[in-house]
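Inside the fold
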Amino acid sequence: MGAGFDLLISHPRRRLTAQRRMLIMPVSMTDQENDKIDLKAIATRARAELDAAADETALETWRVAQLGRKGVVTSVLRRLVDLPIEERRRLGAEANALKGELEAALESKREALAGERLAATMTEGALDVTLPGRAKRIGRLHPVTQTLREMTEIFTSMGFAVIEGPEVESDYYNFQALRIPLDHPARDMQDTLYIDYQRDGVYPYMLRTHTSPNQVRFMEQHSPPIRVIVPGRCYRNEATDPQREWMFSQIELLAVDEGISMADLKGTLFEFAKRMFGQERKVRFRCDYFPFVEPGVDMAIDCFLCGGKGCRTCREGGWIEILGAGMVHPQILQNMGYDTDRYTGFAAGIGAERICLLQHGIEDIRSFYSNDVRFLEQF
Amino acid sequence: MRVSLKWLAEYVDVTLSPEELGHRLTMAGLELETIDRVGGEWDEELITVGRVVAVEPHPNADRLVLATVDYGGEAPQTVVCGAPNVEAEQKIAFARAGATLIDGRSGKPSILKPAKIRGVESAGMVCSEKELGLSGEHEGILVLAEDAPVGTPLAAYLGDAILNLDLTPNRPDWMSMLGVAREVAALTGAEVREPEHTYADQDESAPAKVAVEIADPDLCSRYVAAVIEGVRLGPSPQWLQERLIAGGMRPINNVVDITNYVMLELGQPLHAFDFGTVKDAKIIVRRARAGERLVTLDGEERALTDDMLVIADAEKPLALAGVMGGADSEVTDTTTMILLESATFHAANVRRTAAKLRSRTEASTRFEKGLSPELAMVAAQRATKLLVELAGGSALHGQVDCYPTPANDVQIDVTRRRLLQVLGIDLPTSTVRATLTSLGFSCRWVPPELYQVRVPYWRTDVAIADDVAEEVARIVGYDRIPTKNLGGEVPSAIAQPRRELREQLRDSCVAAGMQEVITYSLTTLELLERVLSPEQLASQPPLKVAHTLSAEYEYLRPTLWASVLKTAAANLRHHEGELALFEASRVYLPQGDELPQEQEHIVGVVTGRREDRWGRPSDEAVDFYDAKGYAQAALGAAGLNATFEDAERFALLPGRTAQLAADGRIVGVVGQVHPTVAAAFDIGQDVYLFELVVDELLPSMGAERAFESIFRFPPVIQDLALVVDRGLAAERVRAAIEEHELVRRVRIFDVYEGAGISPDKKSLALSVTYQSPDRTLTTEEVAKAQASIVKQLRQELSAELRG
C-alpha cells in the first residue's frame, strides 16, 4: 500500500445506485420523432433488441431505453394525451399490453441469462475437487494430555472432582503420612529423586514418586463423603525401558464414604477400563502391596502387542500394569480423625502413559517425551 | 526370589504346571516374572545318568582317556574324554549320538555326532555343565551324586523349573522356600511338610560354654547361639550345592553353605563364627563405638559409627549385625568348633547400616523386612541338625537363648461385619475359617459375629482386622469380589481456577495451530545458562536433585524456555515450514527452606517459513508478529487481554521484545530469541518465543464474561491516514482514538514508511468505527468527532493527517 488517503472517504454504499444510473444513457430516442405511433414496429424492434442483449448490463440498457422514464414505451403512453379519445383508448390498451409483455419478456430473458451463467459456471468453472484444500495449520494436544483428559472425563462423569497438588513434596506427605517411615523397605518400591538439600542428615524434599500424597493433603482439609481425582506428574529415579519412564503422569483416585468396599473399587476400575479400552481387553485384578492400602490391588491389561504371550513391551509378562489400588488403610483414615468404624475408602494411582501405550499400540513409552513432531502429529 | 520347584517339592506336593502355579501365586501377591527351565531341552532318551565303569588311557593321546560308561542300555559304551576329573565309579551325565548339546567352543546348540578322535571311535559324551547349558563351566565333567540312578533320563533327575518371583517388601516369610510352600499349600489345598530340626546332642550344654549379652536390646530382640564341635570343613553334598545354585547362591564350604541353605529354606539369616576367635567365649551385642573398624568378609575395612549394631566379643567387633560377618572370625579350614548365631535384629537399623555401607546382602534384605524372633530358634535348631549330619559336627546341648522380652502371640478379633464392609462380599464362615487355617492362622468362630484369629509367628505383617480380610480375599481370589457402581451422595464440586485457566490456555494454543510438547522437568545447568542471566542464576539458583541417573536430568527448571527451544532445535533437523510448539508445565522457584513455588507457565516457540496454499514452505519467514499473534490468540480465546510494551529480557533480542501486562502485572513476554542464544541451541534461523505466566494471569480472569449487547444503530466506518514519529507506538495512537466517546473500535490496518514520507516518520492507516448505542449518528456528528480527534492527536502525539 502507500497510495494516499486523501482525507475522509465516506463509505459510498448508498450512492452507488445513483452513480450507476447516471452511467446508463437512453438510446433509441429517434423513435420519439415519429408522429405516427407504430406499436407493432416498436414491439418488433424492442423484441429484437432484447434478444440481442447478452448480459446484465445490456439488459439494463434495454430496460431503460424501452421501459425507463424516458423510454420508448413510456413516451408512447405519455404522448397518448394528445390523441383523440377513441384512439387514445385503443392505443392506450395496446401500449399497456405491450408494456406488460415487454416486462415479462425482460424477466424471462433475465432468468435465461442467469441460467446460462450458472450453466457456464458448472461446465467451464468446474473444479478439480481432488486438489487438496487450502492448507490450514492444525494444532494438537500431546497424546498424554489427550489420554489424561479422557481419563479425567470418565472419572468426573462418575462424580469425582479434580484437584491438583505439588510436584515437589515433603518426605512427610510422600512417604511418612502414607505409612512409609524412614528406613522402611517399601521405599525401595519407589526409587526417589531427592532434592539436594539436607536437614538433620536427611533429605526432607523430593520429587513426588506418586500422586498419593494428595490423599492425605485432601483429607486433612475435607470430611467424607470424598470423591476426588488428582492428575499430576510423578518422578522416579529409575532406569528407563519400553514400559518405564522416570517422569510419568498419574491420576490418583480417592473415595471415602460410608459403605465403600472393594466391590466399589473393583466396579469403578472395571468401568474405567471398559470405557477406556472397550470390552475386548482382558483385565487382571490381583493382590499387591502398598503400605497405605489394605487390601492392596494391582490391575493390569493384557498386552496389545503380543496378546498376552510375552514380548519386549510387556517385559515378557503378557500384562501391562496400569494401576495400583486398594482400600485406604484404616490407620490413615484414623490419622485424619475419621471414624473408621463408619467410613471406609478406596484409592488408586493410575499411570497415564501406559494407558496411552495401550490405546494407540505404541511400543516404547520413551517416545512420549522425545517430542518428535512426526510422532506427535499422529494423535 | 528364585524358587526351584524340585526343591519346593520337599515341602509341598505340586500338581500344577509351573505356568499355572506361577499364575496362582501372581494373583495371590507373589508376582511371577520369569520361569527358568533347567534341562527342558534335554532329550529324555539320549541323555541319561551314567556310571563310569572304567577309565583307560587313550592309545594315541596323553591328554585324553577312554571312559567306558554304563548308561542303562544293553551294553556300556566307550567314549573319548578329555576332562581331567573323570574317574571310575563316578555318576555322570551321558549323552549319546543324536542328542542336542551346547557346543563347548561355540556356545551354540549342536547335535552330537559319532566321531573318530585320534583314531578311536567315540559315539557319545560325558557332559560338562556348559554342554548341558547349566553354566559356563567347561573345565571338567559334571559329577552327579553317588546315589544318582543309572539309566534315568537326566531331565527327570536333574531337570527343574525355577520361578523368579518379584516379592513385596511386607512379606519376609516369602523370601524362603518354606514360606512359598505355605502359600502353595493354601492355594492348592495341599499339606505343608515342615523340615526336621531334631538331632542328637552332647551332654555338655551350650550355655556352659558361651555367654551372650544383649547390651542394646532396642536393636536386637533375640539372640540364639548354638555351639557345634568337631566340624570338618569341606564341600557340601551335591544336592545341597545344587539347591544353593538353584536359589542363586554360590557354594563355599559345608558350614557356610548350611547357614545359607537354612536362610533360603526358612528365611532366617544365620552366621557361623570360628569359636576360637571369640575372645573369652563371650558374645556382646552392642552399638559400635565411634572410631571402631571392622574388616568384613568381603575384605573391606569398614569405619563404624555409633548407630550401627555389632556382634562383639569382650574386645572387639566380630561382625556387623544382620549385614555381614567379619574376616577375623570367619570359619576356615582349621576351624573345628563353631558358634552359630541365629538372631533377630531391628529392621530399620539393619537397613540403615546396610545402606550406609552400601552393602545390601541376602541377610540384610531379610532382616530389614522384620523377622519374627520365634524364627530364630527354629532356624538355629535346623542349622545345628544339618551341621551335625552334613559337616560331621557334634552339637552341645541346647542353645544360649537371650530373649529379653518375648513377644506375645498376635490375636485379632475380626467381625463378619468388617469383612463385609471391607471386601463387599459376605463369605461363608466355613470359607473364612478354612482359608485362614490353610495359611497357618488359627481361627475360632464365635457366633454370631466374631472370628478370633491367632496369627502364626512368621506373619509379622498381619496386625489388624483388614490385614486378615486381605488374607481371606487373596486366597479365595479377588475374582470372587463382586463389582458395584459407586453409590451414595456425590460431593460438591471444588473450584480449581488455576487448573481451569491453564487448560483453557492449552486448548487455545492448540486452536491457534500450535503443537503441544511435554518435556522433562529436570534439565542441565548448561541449558539453563543459555536462557537465564548469570545474575538470575546467582540470585535464585535452581534446585538440584541429590542422586540422579543421568547428568542430563539434574536441575529442576525455573523456566521452560530451554526445554522448548531444545525440542524445537531437535525437530528442525527434519521439519520444513513453520514450526510452532508450546508447552504448558510447571516451573520450580526455590523458596529457601520451604517447598519451592510451583508456577504454571506456557511457553511457545515459533520458527521457520510460513506455508503456502499447498502447505509447502513459502519464501516468507515467520516473524515477531506470528509469535505475538499466537500469544494474543491464546489469551483472547481464554477471554483475556494484555498490553504489549517494549522490554528487555535476557536471551531475547532488544528492540524485538515486548512484555505483556494485564491489570498492572507482568503476565508474560514475547520476542525474538537472540541469535547467539539460538545458535547455542543449534538453531541457525530466526526463532521467536512467548511465555505466559498462568499464575499472574489468574487475577485478571473475570468472574464471568459480561455480555455486551449488539448495538441496534448502524455504525459509520471511516478510514484515517496519519503521519506520526517513527518511534511512536502505534498502540498509543490507536488507544487515544478509541477513547473518544463516539468511537466504538479502532483497528490498525497498515503501516507505511518510505517514499513520500519523511525518513523519521511513518504513516498509520486506521479504520475507525463510530457507533452510538442510542441513535443513528449524523454525518455532522461524525465529522465533528473526527475533527476533534485529529486535533487532539496533533497536540498530544504530533500526528498529522496524511495529505
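Note that this is a predicted model, so its numbers are computed, not measured. (Residues numbered from 1 in each chain as written. Chains lettered and ligands numbered in written order. Predicted model: local features only at pLDDT ≥ 70, side-chain atom pairs only at ≥ 80, totals over all residues.)

Re the overall build of chain B
- Looking only at helices and strands, chain B features 22 helices and 44 strands.
- Here chain B has a C-alpha radius of gyration of 41 Å; the compact-globule value for 803 residues is 28 Å, and the former is much larger.
- The C-alpha extent of chain B, read off along each of the three principal axes, is 125 × 80 × 60 Å.
- Taken across its 803 residues, chain B has 43% of its residues classed as buried.
- Long-range contacts, defined as pairs at least 24 residues apart, comprise 69% of the intrachain contacts of chain B with a sequence gap of at least 6. (Helix = DSSP H or I, 4+ residues; strand = E, 2+ residues; numbered from the N terminus. Rg over C-alpha atoms; globule rule 2.2 N^0.38 Å. Buried ≥ 20, exposed ≤ 12 C-beta atoms within 10 Å, placed from the backbone. Contact = placed C-beta atoms within 7 Å.)

Quick look at the overall build of chain A
- Within chain A, the secondary structure is distributed over twelve helices and nine strands.
- Expressed along its principal axes, the backbone C-alpha trace of chain A runs to roughly 125 × 50 × 45 Å.
- Here chain A holds 379 residues, and 41% of them are scored as buried.
- The contacts of chain A with a sequence gap of at least 6 include a subset with a gap of at least 24, amounting to 67%.

Some remarks on the domain arrangement of chain B
- The domain architecture assigned to chain B consists of domain 1 (2-39 + 161-188), domain 2 (47-158), domain 3 (201-402), domain 4 (410-476), domain 5 (497-700) and domain 6 (716-801).
- On a C-alpha basis, the centroid separation for the pair domain 1 of chain B and domain 2 of chain B is 33 Å. (Domains from an automatic or database assignment.)

Regarding the sheet that holds strand β33 (residues 579-591) of chain B
Residue and element names in this part refer to chain B.
- Taken in spatial order, the seven strands of this open sheet run β30-β33-β34-β40-β39-β38-β37, and their pairing is mixed. Across the chains shown, the open sheet's two edge strands, defined by having one partner strand only, are β30 (515-516) and β37 (643-646).
- With four bridges connecting them, β37 and strand β38 (residues 652-662) associate as antiparallel partners. Within the sheet, the bridge partner assigned to T643 lies in β38 and is A661.
- Against the sheet, helix α17 (residues 561-572) contacts β33, β34 (594-607), β39 (665-673) and β40 (687-693), and its axis sits at roughly 150° relative to β33. (Pairing = 2+ DSSP bridges. Axes fitted to C-alpha atoms, helices over the stretch in contact; angles between N-to-C directions.)

Thoughts on unusual backbone geometry
Residue and element names in this part refer to chain A.
- Residue P224 is joined to P225 through a cis peptide bond whose omega torsion reads 0°.
- Of note, the bond from E294 into P295 is cis; its omega dihedral lies within 30 degrees of zero at -10°.
- Here P295 lies in strand β7 (residues 293-302).
- Despite not being glycine, R179 shows a phi value in the positive range, around 65°.
- Tracing the sequence through the fold places R179 in the loop between α7 (171-174) and β3 (205-207).

Overview of the domain arrangement of chain A
- The domain boundaries assigned to chain A delineate domain 1 (16-123) and domain 2 (143-376).
- The straight-line distance from the C-alpha centre of domain 1 of chain A to that of domain 2 of chain A is 85 Å.

Quick notes on helix α6 (residues 143-157) of chain A
- Relative to the 21 Å expected for 15 residues at 1.5 Å per residue, α6 of chain A spans 21 Å between its end C-alpha atoms, a close match to the ideal helical length.
- P143, V144, T145, T147, L148, M151 and F155 of chain A are the residues of α6 of chain A that are buried.
- Taken together, the buried residues of α6 of chain A touch β4 (226-235), β5 (247-258), β9 (343-351), α11 (352-360) and α12 (373-376) of chain A together with β30 of chain B.
- At the exit of α6 of chain A stands G159 of chain A, carrying a positive phi of roughly 95°. (Expected span 1.5 Å × (residues − 1).)

Some points on the sheet that holds strand β1 (residues 2-4) of chain B
All names here are of chain B.
- If you trace the three strands from one edge of the open sheet to the other, you get β1-β13-β2, paired in antiparallel fashion. Because the sheet does not close on itself, it has two edges, and the strands there are β1 and β2 (31-38). Strand after strand, the sheet turns through a mean of 25° between neighbouring axes, direction not considered.
- The sheet contact formed by β1 and strand β13 (residues 160-166) spans three bridges and is antiparallel. From the neighbouring strand, V3 faces β13, where its bridge partner is L163.
- Here helix α2 (residues 18-28) sits on the sheet in contact with β2 and β13, set at roughly 160° to β2.

What about the packing of helix α21 (residues 730-738) of chain B against helix α22 (residues 779-797) of chain B?
Residue and element names in this part refer to chain B.
- Following both chains from N to C, one finds α21 and α22 inclined at 140°, their axes separated by 10 Å at the closest point. Here α21 lies oblique to α22, going by the angle between them. Judged by the sense of rotation from one axis to the other, the crossing of α21 with α22 is right-handed. Residues R732, V733, A736 and I737 of α21 touch α22, and the partners they reach there are I789, L793, E796 and L797.
- Among the residues making up the contact of α21 with α22, the classes are represented as six nonpolar, no polar and two charged. (Parallel < 35°, antiparallel > 145°, perpendicular 65-115°, else oblique. Left-handed = near helix turned anticlockwise from the far one by under 90°. Nonpolar A, V, L, I, M, F, W, Y, C, P; charged D, E, K, R; others polar.)

A short note on the nonpolar core
All names here are of chain B.
- If you look at the biggest cluster of nonpolar residues, it comprises 291 residues, and the most contacted ones within it are A225, A321 and I338.
- Not counting chain neighbours up to four residues away, the residues in contact with A321 comprise C220, V285, L309, V310, I311, F345 and V350.
- Within the second largest apolar cluster, 15 residues are counted, among which are V768, Y770, I789 and L793. (Core = buried A, V, L, I, M, F, W, Y, C linked by C-beta atoms within 7 Å.)

Details of the interface of chain B and chain A
- Across the boundary between the two partners, chain B contributes 84 residues, which contact 78 residues of chain A.
- Here the side of chain B that touches chain A gets six residues from one element, more than from any other, and that element is helix α13 (residues 465-476) of chain B.

Focus on the confidence of the model for chain B
- Overall, the prediction assigns chain B a mean pLDDT of 94, with 100% of residues at 70 or greater.
- Here the complex is predicted with pTM 0.85, and the ipTM for its interfaces comes to 0.88. (pLDDT = per-residue confidence, 0-100.)

Focus on helix α8 (residues 347-356) of chain B
Residues and elements named next belong to chain B.
- The complete set of buried residues in α8 reads A347, N349, V350, R351, T353 and A354.
- Packed against the buried residues of α8 are β21 (309-312), β22 (317-320), β24 (338-345) and α9 (362-367).
- Phi turns positive, to about 45°, at R358, one or two residues after α8.

Looking at the pairing of β33 of chain B
All names here are of chain B.
- With ten of 13 residues buried, β33 lies mostly within the body of the structure.
- The pairing of β30 with β33 spans two bridges and is parallel. In the sheet register, Q515 faces β33, and the bridge partner there is L581.
- Two elements, β33 and β34, share twelve bridges in a ladder whose sense is antiparallel. Of the residues in β34, the one forming a bridge with L581 is V605.
- In this antiparallel pair of consecutive strands, β33 and β34, the connection spans two residues, and G592 shows a positive phi of 60°.

What about the pairing of β40 of chain B?
Residues and elements named next belong to chain B.
- Taken across its seven residues, β40 has six buried, putting it largely inside the fold.
- As defined by bridge partners, β34 adjoins β40 across seven bridges and the pair is classed as antiparallel. Each bridged residue has a counterpart across the sheet, and for G604 the counterpart in β40 is F690.

Remarks on the packing of helix α7 (residues 254-266) of chain B against helix α10 (residues 373-390) of chain B
Residues and elements named next belong to chain B.
- Packing of α7 against α10 leaves a shortest axis separation of 10 Å and a crossing angle of 140°. Put simply, α7 runs oblique to α10. The chirality of how α7 crosses α10 is right-handed. Residues N254, V255, I258, T259, Y261, V262 and L266 of α7 touch α10, and the partners they reach there are L375, V378, A379, R382, A383, L386, L387 and L390.
- Across the contact of α7 with α10, the residue classes tally to twelve nonpolar, two polar and one charged.

Here we look at the environment of G756 of chain B
Residue and element names in this part refer to chain B.
- Examined against the element boundaries, G756 turns out to sit in the loop between β42 (743-752) and β43 (761-770).
- Assessed through the 12 C-beta atoms surrounding it within 10 Å, G756 is described here as exposed.
- C-alpha of G756 to C-alpha of R802: the two residues are 46 residues apart in sequence and 9.9 Å apart in space.

Description of the environment of K385 of chain B
Residue and element names in this part refer to chain B.
- Mapping K385 onto the fold places it in helix α10.
- Classification of K385 as buried rests on a count of 21 C-beta atoms within 10 Å.
- Linking K385 and R609, residues 224 residues apart in sequence, is a C-alpha distance of 83 Å.
- Sequence-distant contacts of K385, that is, excluding residues within four places in its chain, are made with E196, H197, T198 and Y199.

A word on the environment of N237 of chain A
- Along the chain, the position of N237 of chain A falls in the loop between β4 and β5.
- According to the C-beta neighbour criterion, N237 of chain A is partly exposed, with 19 such atoms within 10 Å.

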